[in-house]
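# Descriptive structure summary
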Amino acid sequence: MESLIYWRDVKKSGIVFGAGLVTLLAISCFSVISVFAYLSLLLLAGTIAFRIYKSVMQAIQKTSDGHPFKEYLDIDLTLSQEKIQNIAGVAVAHINGFTAELRRLFLVEDLVDSIKFGVILWVMTYIGAWFNGMTLVILAFVSLFTLPKVYENNKQSIDTYLDLARSKVAEVTEKIKAAIPIGNKKPIADETDKDK
């Protein structure tokens, strides 16, 4: 996957990127069922045509090469129970972490984090007004194939600006936490001094 995203093999990455982008654009114009049916029909027509071509060539040349897709037919596609359990375990861990984080943000465990989350949600309302879901999926797909390579080629200058942005965000967050005493946890040493 990493070699595809970073365009290590340009031909493979181009094929995956082109096919994925065409599929996403088709889904944005037509229903998912229609796109799936047309792509499946195209694939089926191609494999049938190739099988007939190979059969005719074998008959003309009087060879016995066998089925042209034999190596693909012999591939074992069954999933082992251990693999499914591992995938399910990882999925459950991510879902549990996600729901715990949402609970923490919505129930205002940390006021500053909840305010940041509120700002993100507010920005998302504008993004939702400007773009539909499929457009965002297409933009994310294109970004997946472009941003890692751009970052790899310009790592030093991008890291400089990211560090600057992180320091500014940390500075503003600290100022907000200092200005708003609600939600700030008191140090344990202060609590023990009051108990004495």
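See above for the structure.
Residues numbered from 1 in each chain as written. Predicted model: local features only at pLDDT ≥ 70, side-chain atom pairs only at ≥ 80, totals over all residues. Heavy atoms only, no water.

## Overview of the packing of helix 7 (residues 133–153) against helix 8 (residues 155–179)
Note the cut-off: To obtain an axis, a line is fitted to C-alpha atoms, over the contacting stretch when the element is a helix, and the angle between two such axes runs from 0 to 180 degrees between their N-to-C directions. Segments assigned H or I by DSSP are reported as helices when at least four residues long, segments assigned E as strands when at least two residues long, and all are numbered from the N terminus. Oblique is the label for every angle not falling under 35 degrees (roughly parallel), over 145 degrees (roughly antiparallel), or within 65 to 115 degrees (roughly perpendicular). Whether two residues are in contact is decided by their heavy atoms: any pair within 4.5 Å suffices. Gly counts as polar in this scheme, as do all residues outside two lists: the nonpolar Ala, Val, Leu, Ile, Met, Phe, Trp, Tyr, Cys and Pro, and the charged Asp, Glu, Lys and Arg.
For the pair helix 7 and helix 8, the least separation of the axes is 5 Å and the interaxial angle reads 100°. The angle between helix 7 and helix 8 places the two elements in the roughly perpendicular class. Across the interface between the two elements, Val150, Tyr151, Glu152 and Asn153 of helix 7 pack against Lys155, Ile158 and Asp159 of helix 8. Split into classes, the residues belonging to the contact of helix 7 with helix 8 amount to three nonpolar, one polar and three charged.

## Some details on the side chain of Ser114
Convention followed: Burial classes: relative accessible area under 20% of the type maximum marks a residue as buried, over 50% as exposed, and values in between as partly exposed (1.4 Å probe, protein chains only).
With respect to the helices, strands and loops of the structure, Ser114 is situated in helix 6 (residues 111–130). Note on Ser114: relative accessible area 13%, which makes it buried. Setting aside anything within four residues of it in sequence, one finds Ser114 in contact with Arg104, Leu105, Val108 and Glu109.

## With respect to helix 2 (residues 10–29)
To be explicit about the condition: Under the convention used throughout, the expected extent of a helix is 1.5 Å for every residue step, that is, one less than its residue count. Along the arc lie the directions from the helix axis toward the C-beta atoms.
In this model, helix 2 (20 residues) spans 28 Å end to end at C-alpha, consistent with the 28 Å of a helix rising 1.5 Å per residue. Listed in full, the buried residues belonging to helix 2 are Ser13, Phe17, Gly20 and Leu24. Angularly, the buried residues of helix 2 cover 75° about the axis, an arc narrow enough to put them on a single face. Facing away from the buried side of helix 2, by more than 90 degrees, are the exposed residues Lys11, Ile15, Val22 and Cys29. As for helix 2, its buried residues are in contact with helix 1 (2–5) and helix 7.

## Comments concerning the nonpolar core
Heads up, the rule is: To qualify as a nonpolar core, a set must consist of buried Ala, Val, Leu, Ile, Met, Phe, Trp, Tyr and Cys residues joined through side-chain atoms within 4.5 Å.
Among the nonpolar cores identified, the biggest contains five residues, and these are Phe17, Leu24, Ile138, Phe141 and Phe145. At the level of elements, helix 2 and helix 7 are the ones that each hand at least two residues to this core. With three residues, the single largest contributor to this core is helix 7. Look past the residues within four positions of Leu24 in its chain and what remains in contact with it is Met134, Val137, Ile138 and Phe141.

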